[in-house]
Amino acid sequence: HGYVRDVEWKVEKKDENTLVFTHQSDDTTKEKYPFDYEMELIYHMNGNRLEITWNIKNTGKEKMYFSCGFHPCFSCPVHGEADKSGYGYNQTHEVSLRDPEGKNYLNVYFPEAPLFGLWSAEKKNAPYVAIEPWFGRCDKEDFNGSLEEREWGHALAQGACFQAAYTIEIAGED
């Protein structure tokens, strides 16, 4: 799951529809990850859509290797049912959560993500489903290679930027 979820982010911008958070590498992050970088996480409300964008810039002097993913969770079931049976989803570069009557109540769009995870802590009867657009993934259990050899990893040249985005849409009442 990485470490940036546990670091302090600075609120760079805040207005009626947008929040922008920033984070930079420092001596503490370099104990866990050896590269220099700047990250920007943007949340923008556009009607019934929340657009999330992640910008990552290599500020170091060498090629930077990384993977990243988003980890949003959504209420499911939504109508007080005892469990999630009867709920369904569509897959490709979008996931739509549907109620037992087959009506979408939430759509997540991630057109550029090569992978995604879909899970829930079922044995705990957790009232959520995680829909996670991934731009990389954790290593296989038997992986013993270097960062350069990681499956689904990314590499950024000095000064280069990476951008990833996805959109969460609350489905309409039609």
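Up top is the structure.
Just so we're clear, the structure is a prediction, and the values are computed from it rather than from any experiment. (Residues numbered from 1 in each chain as written. Predicted model: local features only at pLDDT ≥ 70, side-chain atom pairs only at ≥ 80, totals over all residues. Heavy atoms only, no water.)

### Considerations on the overall build of the protein
Turning to step 1, where the next piece is worked out: From N to C terminus, the protein includes one helix and 14 strands.
Turning to step 2, where the next piece is worked out: Once local pairs closer than 6 in sequence are excluded, the contacts in the protein between residues at least 24 apart make up 51%.
Turning to step 3, where the next piece is worked out: Accessible surface, the protein: about 10,800 Å² in total, of which carbon and sulfur atoms supply 48%. (Helix = DSSP H or I, 4+ residues; strand = E, 2+ residues; numbered from the N terminus. Contact = heavy atoms within 4.5 Å. Areas by Shrake-Rupley, 256 points an atom, 1.4 Å probe, with all protein chains shown as cover.)

### Some words on the nonpolar core
Turning to step 1, where the next piece is worked out: Membership of the largest hydrophobic core comes to 33 residues, with the highest contact counts inside it found for Trp-54, Ile-56 and Ile-131.
Turning to step 2, where the next piece is worked out: Broken down by secondary-structure element, the contributors of at least two residues to this core are strand S3 (37-46), strand S4 (49-58), strand S5 (64-66), strand S9 (94-98), strand S10 (104-109), strand S12 (128-135) and strand S14 (161-170).
Turning to step 3, where the next piece is worked out: Looking at this core element by element, the count peaks at four residues for S14.
Turning to step 4, where the next piece is worked out: The residues contacting Ile-56, other than those within four sequence positions of it, are Glu-38, Met-39, Met-64, Phe-66, Cys-68, Leu-156, Ala-160, Cys-161 and Phe-162. (Core = buried A, V, L, I, M, F, W, Y, C linked by side-chain atoms within 4.5 Å. Buried < 20%, exposed > 50% of the residue type's maximum accessible area, 1.4 Å probe, protein only.)

### Looking at the environment of Phe-35
Turning to step 1, where the next piece is worked out: By the element assignment, Phe-35 lies in the loop between helix H1 (27-30) and S3.
Turning to step 2, where the next piece is worked out: Apart from the residues lying within four places of it in its own chain, the contact partners of Phe-35 are Ser-25, Lys-30, Glu-62, Lys-63, Met-64, Tyr-65 and Leu-147.

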